[in-house]
Amino acid sequence: MKPKVQFRLRIYRDDSIAIGPGKVALLEAIAETGSISAAARQIGMSYRRAWVLVDETNKALSSPAVQTLAGGSHGGGTALTPVGEELVKRYRSVENTARVAATADIAALTRLLAP
């Protein structure tokens, strides 16, 4: 079995996670689906939990990452703001930079695993 390597960057604001892997995955799903409920279903999360994570994220940032649009004849929806888009982009960039920088160490560690 091939080992799986996963970075779990978390940025805390006071005692809570302001930016982390679950919140970034949710933001990506919202960008893809245009809906908090559809995004929650896509990643296997309850709507309530997704809504709480969106609210926590928006409150932790200087500007919201997610904007909800009221329903009506044209429907509603949810979209990432420019701040949300930048958050996702930068988070994934940090992950990639760390993975590239740690390639040799990761290879050395995985060689220590039992076959």
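Quick note: structure is the one above.
This report concerns the structure included in the present document. The structure displayed is predicted, hence computed values, not measured ones.

**A short note on the nonpolar core**
Part 1 of the reasoning: I19, L26, L27, I30 and V66 are the most contacted members of the largest nonpolar core, which totals 21 residues.
Part 2 of the reasoning: With five residues, the top contributor of residues to this core is helix 1 (residues 21–33).

**Considerations on the packing of helix 1 against helix 4 (residues 82–101)**
Part 1 of the reasoning: Put simply, helix 1 and helix 4 touch, their axes get as near as 10 Å, and they point 130 degrees apart. By the angle between their directions, the pair helix 1 and helix 4 is classed as oblique. The hand of the helix 1/helix 4 crossing is left-handed. Facing helix 1, whose interface residues are P21, V24, A25, L27 and E28, helix 4 presents L87, V88, Y91 and R92.

What counts and what doesn't
Residues numbered from 1 in each chain as written. Predicted model: local features only at pLDDT ≥ 70, side-chain atom pairs only at ≥ 80, totals over all residues. Heavy atoms only, no water. Core = buried A, V, L, I, M, F, W, Y, C linked by side-chain atoms within 4.5 Å. Buried < 20%, exposed > 50% of the residue type's maximum accessible area, 1.4 Å probe, protein only. Helix = DSSP H or I, 4+ residues; strand = E, 2+ residues; numbered from the N terminus. Axes fitted to C-alpha atoms, helices over the stretch in contact; angles between N-to-C directions. Parallel < 35°, antiparallel > 145°, perpendicular 65-115°, else oblique. Left-handed = near helix turned anticlockwise from the far one by under 90°. Contact = heavy atoms within 4.5 Å.

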